[in-house]
Amino acid sequence: MAEKTRVALVFGGRSSEHSISCVTAGGVLGAIDRERFEVVPVGITRDGAFVLERDDPAAYALDGRELPEVRDDGSRVLWPESTTTRELRVQRPDGALESLGDVDVAFPILHGPYGEDGTIQGLFELIGLPYAGNGVLASALGMDKHFTKTVLQAAGVEVAPWITVTRADLVDDAFLRRRVAGLGYPAFVKPARAGSSVGVSKVDDPSGLDAALRIAFEEDSRVLIERGVRGRELEIGLLGSRTGGAPRTSAVGEIVVTGRAFYDFEAKYLGAPGIDLVCPAPLGDGERMELERIAVRTFEALGGAGLARVDVFFTDEGFVVNEVNTLPGFTPISMYPRCWQEAGVSYPELITELITLAG
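Residues numbered from 1 in each chain as written. Predicted model: local features only at pLDDT ≥ 70, side-chain atom pairs only at ≥ 80, totals over all residues. Heavy atoms only, no water.

Draft legend 1. Representation of the pairing of strand β11 (residues 222-227). Buried residues dominate β11, accounting for 5 of its 6 residues. Direction of pairing for strand β8 (residues 162-166) relative to β11: antiparallel, over a ladder of 5 bridges. Of the residues in β11, the one forming a bridge with threonine 164 is leucine 224. Across 5 bridges, the pairing between strand β9 (residues 187-191) and β11 is antiparallel. Bridge assignment links valine 189 to a residue of β11, and that residue is isoleucine 225. (Buried < 20%, exposed > 50% of the residue type's maximum accessible area, 1.4 Å probe, protein only. Helix = DSSP H or I, 4+ residues; strand = E, 2+ residues; numbered from the N terminus. Pairing = 2+ DSSP bridges.)

Draft legend 2. A look at the pattern of salt bridges. Per the stated rule, a full pass over the model turns up 23 salt bridges. Here arginine 6 and glutamate 38 are joined by a salt bridge, their closest N and O atoms 3.4 Å apart. Separated by 32 residues along the polypeptide, arginine 6 in strand β1 (residues 5-12) and glutamate 38 in strand β2 (residues 37-44) bring together distant segments of the chain. Among the residues examined, glutamate 38 registers a relative accessible area of 37% and is labelled partly exposed. (Salt bridge = Lys/Arg side-chain N within 4 Å of Asp/Glu carboxyl O.)

Draft legend 3. Layout of the sheet that holds β11. Read from one edge of the open sheet, 4 strands run β8-β11-β9-β10, paired in antiparallel fashion. Edge positions in the sheet fall to β8 and β10 (201-203), since each has one partner strand and no second. Across the sheet, the mean angle separating the axes of adjacent strands is 25° when strand polarity is ignored. (Axes fitted to C-alpha atoms, helices over the stretch in contact; angles between N-to-C directions.)

Draft legend 4. Layout of the pairing of strand β13 (residues 248-257). Examined bridge by bridge, strand β12 (residues 232-239) and β13 share 6 bridges and lie antiparallel to one another. Bridge pairing links isoleucine 236 to valine 252 in β13. Two elements, β13 and strand β14 (residues 275-278), share 4 bridges in a ladder whose sense is antiparallel. Bridge pairing in β14 links isoleucine 255 to leucine 277.

Draft legend 5. Geometry of the packing of helix α1 (residues 18-31) against helix α10 (residues 347-357). Where α1 contacts α10, the axes come no closer than 9 Å and their chain directions differ by 95°. When the axes of α1 and α10 are compared, the pair comes out roughly perpendicular. Residue-level contacts link Thr24, Gly27, Val28 and Ala31 of α1 to Tyr347, Pro348 and Ile351 of α10. The class makeup of the residues in the contact of α1 with α10 is 5 nonpolar, 2 polar and no charged. (Parallel < 35°, antiparallel > 145°, perpendicular 65-115°, else oblique. Contact = heavy atoms within 4.5 Å. Nonpolar A, V, L, I, M, F, W, Y, C, P; charged D, E, K, R; others polar.)

What follows is the structure, given as structure tokens:
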């Protein structure tokens, strides 16, 4: 029997999306091909400590009562000391050191800052450990909505009009309100560097602006205010090529909002009503091909590798890119795996492919 590939599965983290990362870990632990892979689960606490976690999918289930999290048990996982070794070690609470053996690849499934933004990828680059997913630059660009839009606009990809503000901009309230009025209402107020719709508010008129900004600034020091775009909400997954060619594209999914203001955190992860997820989305062949072209152009403009999900609005004038997720929701029921399943790639096969693409 061929020797198994040893995978350091890294999850949890310091961001507000900590629990969603843990749910993703449970999905991956339950689906990964155990005939091919041996997993070393490395959790990151909310304070940033690397701890040795249990290889137990049930420990990270989303049961609706309590969100899972990485708890500090006093252990500390120690990464390789240099590029000359791939040995992981763990320091037990009593101070004893224990080797966990060599690992072949890291599989980070961290959402939000300190994981999806290029920081953990930088660590892996420093120690020479191959890892799944996007590199430092693409991760950083994809995490920051302002720079995502800036790069895509320069690449000729249509994005929703926006302004970016800091707390300093709040001093001149009248000027800020004129700028927002120039965008028009409704508008969406978002932290520049957060995901899973955390801190996002829909503002229908000027009276809701202050509260929306307050919520967004709790998540980030920079906030985007975007013009609301009317159109169908579509999502398409991308998967890197083994041969270095163009990325592959999944089936297209559609988010149909029936009873909520928008596709928020509660609807995404807590089963709140008012949202229908449709895959495959009803599109004509020409429409689907054009969306695939735009998604590939978006992926390549950011220097993507491994995986991404591109979210767009389909308006009367065409496609408008909303966001790019360089580590999209990856639970078994998330849209990214669901779109790939519709394209003929199962959840376990998708995990295998991402690890195989690691570099």
